[in-house]
Amino acid sequence: MNKLLAQEMYYLMVLGRAFEYAAKENYMKGNISGFLHLDIGQEALSVGAVKAFEKGDIFSGYREHIMAMSRGLEPKAVMAELFGKVTGVSGGKGGSMHLFEPSHYFYGGDAIVGGQLPNAVGCAYARAFLEQDEGVMAIFGDGATNGGAFFESLNIAATHKLPLLFLCENNEYAIGTNIGRTAPFKEQAKKAEPYMPTYEVDGMDVEAVYKVVSEARKQIESGHGPVFVEAFTCRYEGHSISDANSYRSAQEMAHCKARDPIQRFKKALHEKWLCTEQEIQNIETKAQKAVENAVKYAEESPEPEADALFEHVFYEEGENVVS
Ligand SMILES: Cc1ncc(C[n+]2csc(CCOP(=O)(O)OP(=O)(O)O)c2C)c(N)n1
């Protein structure tokens, strides 16, 4: 890591948080409909992991706005997708849970809990079969580790020594259910231990996430098979926009926010990366501006034509789905 990358990651974290608050506001105004899962509090994980996984494919779940922007998708194209506009990443037909951009090797958004895992396995199998250098990263929540698809994916990935990085975002909740009620232990990496090497990291520390995921990426690319990383994190909002978050006490939330990833990294920018207050302010202003522009762009963009309903439903001859 260097100062330039540190500043870029801070930009993405601040951009991500401002983007999520703007999405929430626009949902309340009626500009966004359908599901909306916010990533506020988990920015260090989304930014650090995606920046560390420079090449190869990324498959994620539905809490993916910040990951998509960290992969290089334009904030305005992501916001327009949330608004259901034709200029959105998925032509306005996917919405918040379906950000999909093959040109950036970013495949999801998946609304099915753990549904991204078999897809990632298939992609890693193809990468290995074609003897390519890059691997695949699958990002999923702790809740996904209770499903059958998770264990099947671990099994196939380990058996065939696939270049697949399993990244579990452990925020201790699946909707409103605490992990203590659905699993016999808090560390979900224990489920992967019989299959592959496992690592744990503080998911509220962007530099730590970047370091662990970078090392795990090198490991999967070396041809020795999959690796499992578990990052402990905390989401500040309810599971989705329709969840009032009433199952967590004020004390629990205060404990979460005391580890705030943005405040923590801001301190490191000053003390370790020797950024000036002016440099930091410039980054924050640039992020705020990008979000304002994204909302304006989404508001002004047209809705898809009714005929678009019938496009991209089935594969059409000559359509380039893989580059
Ligand atoms: C197969 C399947 N079962 C149930 C659901 C309903 N559901 C949506 S999100 C969710 C919780 C998932 O929690 P977790 O994997 O920890 O991810 P997080 O929301 O914390 O990011 C559930 C059960 C679903 N979408 N798909």
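Rules behind the numbers
- Residues numbered from 1 in each chain as written.
- Predicted model: local features only at pLDDT ≥ 70, side-chain atom pairs only at ≥ 80, totals over all residues.
- Heavy atoms only, no water.
- Helix = DSSP H or I, 4+ residues; strand = E, 2+ residues; numbered from the N terminus.
- Expected span 1.5 Å × (residues − 1).
- Polar contact = N/O pair within 3.5 Å; in protein donor to acceptor, adjacent residues only side chain to side chain.
- Pairing = 2+ DSSP bridges.
- Patch = residues over 30% accessible without salt bridge, like charges linked within 9 Å, V, L, I, M, F, W, Y side chains within 5 Å.
- Areas by Shrake-Rupley, 256 points an atom, 1.4 Å probe, with all protein chains shown as cover.
- Salt bridge = Lys/Arg side-chain N within 4 Å of Asp/Glu carboxyl O.
- Disulfide = S-S within 2.5 Å.
- Buried < 20%, exposed > 50% of the residue type's maximum accessible area, 1.4 Å probe, protein only.
- Near = heavy atom within 4 Å.
- 1 Å grid on protein atoms, 1.4 Å probe; cavity = no way out; pocket = protein on both sides within 12 Å on 5 of 7 lines; lining within 4 Å.
- Sits in = over half its atoms within 2 Å of the grid points.
- Nonpolar A, V, L, I, M, F, W, Y, C, P; charged D, E, K, R; others polar.
- Axes fitted to C-alpha atoms, helices over the stretch in contact; angles between N-to-C directions.
- Parallel < 35°, antiparallel > 145°, perpendicular 65-115°, else oblique.
- Left-handed = near helix turned anticlockwise from the far one by under 90°.
- Contact = heavy atoms within 4.5 Å.
- Right-handed = clockwise from strand over helix to strand, strands pointing away.

### Focus: helix H1 (residues 3-28)
Then, in step 1: Between its first and last C-alpha, H1 extends 38 Å over 26 residues, near the 38 Å set by a 1.5 Å rise per residue.
Then, in step 2: The opening residue of H1, the one whose side-chain oxygen lies 3.2 Å from the backbone nitrogen of leucine 4, is asparagine 2.

### Describing the sheet that holds strand E3 (residues 106-107)
Then, in step 1: What the 7 strands build is an open sheet, ordered E2-E3-E1-E4-E5-E9-E8; its pairing is mixed. Taken across any chain shown, the strands that pair with only one partner, and hence form the sheet edges, are strand E2 (100-101) and strand E8 (198-202).
Then, in step 2: Alignment of E2 against E3, held across 2 bridges, turns out to be antiparallel. Paired with phenylalanine 100 across the bridge in E3 is tyrosine 107.

### Quick look at a nonpolar patch on the surface
Then, in step 1: Nonpolar side chains collect at one region of the surface, where Tyr125, Phe129 and Leu130 lie side by side and expose about 370 Å² of accessible area between them.
Then, in step 2: Residue position: leucine 130 is located in the loop between helix H5 (116-129) and strand E4 (136-141).

### So, the state of the cysteines
Then, in step 1: Tallied over the entire structure, the rule returns 1 disulfide.
Then, in step 2: Disulfide partner of cysteine 234: cysteine 256, at an S-S distance of 1.5 Å. Between cysteine 234 and cysteine 256 the disulfide shows an S-S torsion of about 80°. By sign, it is right-handed. Separated by 22 residues along the polypeptide, cysteine 234 in the loop between strand E9 (227-232) and helix H8 (250-257) and cysteine 256 in helix H8 bring together distant segments of the chain. Neither cysteine 234 nor cysteine 256 differs from the other in exposure class; each is buried.

### A word on the site of the ligand
Then, in step 1: Of all residues adjacent to the ligand, which total 14 residues, the nearest are Tyr62, Arg63, Ala111, Gly143 and Asn171.
Then, in step 2: Taking glycine 143, its main chain carries an N or O atom lying 2.7 Å from an oxygen atom of the ligand.
Then, in step 3: With the chains in place, 69% of the 590 Å² that the ligand exposes on its own is no longer accessible.
Then, in step 4: Among the cavities detected, the one that contains the ligand is the second largest pocket.
Then, in step 5: In the shell around the ligand, the residues fall into 8 nonpolar, 4 polar and 2 charged.

### Quick word on the packing of helix H9 (residues 261-271) against helix H10 (residues 277-300)
A pair of packed helices is characterised by two quantities: the angle between their axes and the separation of those axes.
Then, in step 1: For the pair H9 and H10, the least separation of the axes is 10 Å and the interaxial angle reads 140°. Here H10 runs oblique to H9, going by the angle between their axes. Where H9 crosses over H10, the handedness of that crossing is right-handed. Contacts between H9 and H10 involve Lys266, Leu269 and His270 from the former and Glu277, Ile280 and Glu284 from the latter.
Then, in step 2: Grouping the constituent residues of the contact of H9 with H10 by class yields 2 nonpolar, 1 polar and 3 charged.

### Section: the pairing of strand E5 (residues 164-170)
Then, in step 1: For E5, the tally of buried residues reaches 7 of 7 residues, placing the bulk of the element in the interior.
Then, in step 2: Residues Leu164, Phe166, Cys168 and Asn170 of E5 are buried on one face, and the alternating residues Leu165, Leu167 and Glu169, pointing to the opposite face, are buried as well.
Then, in step 3: The pairing of E4 with E5 spans 6 bridges and is parallel. Paired with alanine 138 across the strands is phenylalanine 166, a residue of E5.
Then, in step 4: One crossover worth recording links E4 to the parallel E5 by way of helix H6 (residues 148-159), and it is right-handed.

### Topic: the pairing of E9
Then, in step 1: Along E9, 6 of the 6 residues are buried, which leaves the element largely enclosed by surrounding structure.
Then, in step 2: Burial along E9 is two-sided: Val227, Val229 and Ala231 facing one way and Phe228, Glu230 and Phe232 facing the other are all buried.
Then, in step 3: Both E8 and E9 contribute to a ladder of 5 bridges, which runs parallel. Within E9, the position partnered with threonine 198 by the bridge is phenylalanine 228.
Then, in step 4: Each parallel crossover has a hand, and for E8 linked through helix H7 (residues 206-221) to E9 it is right-handed.

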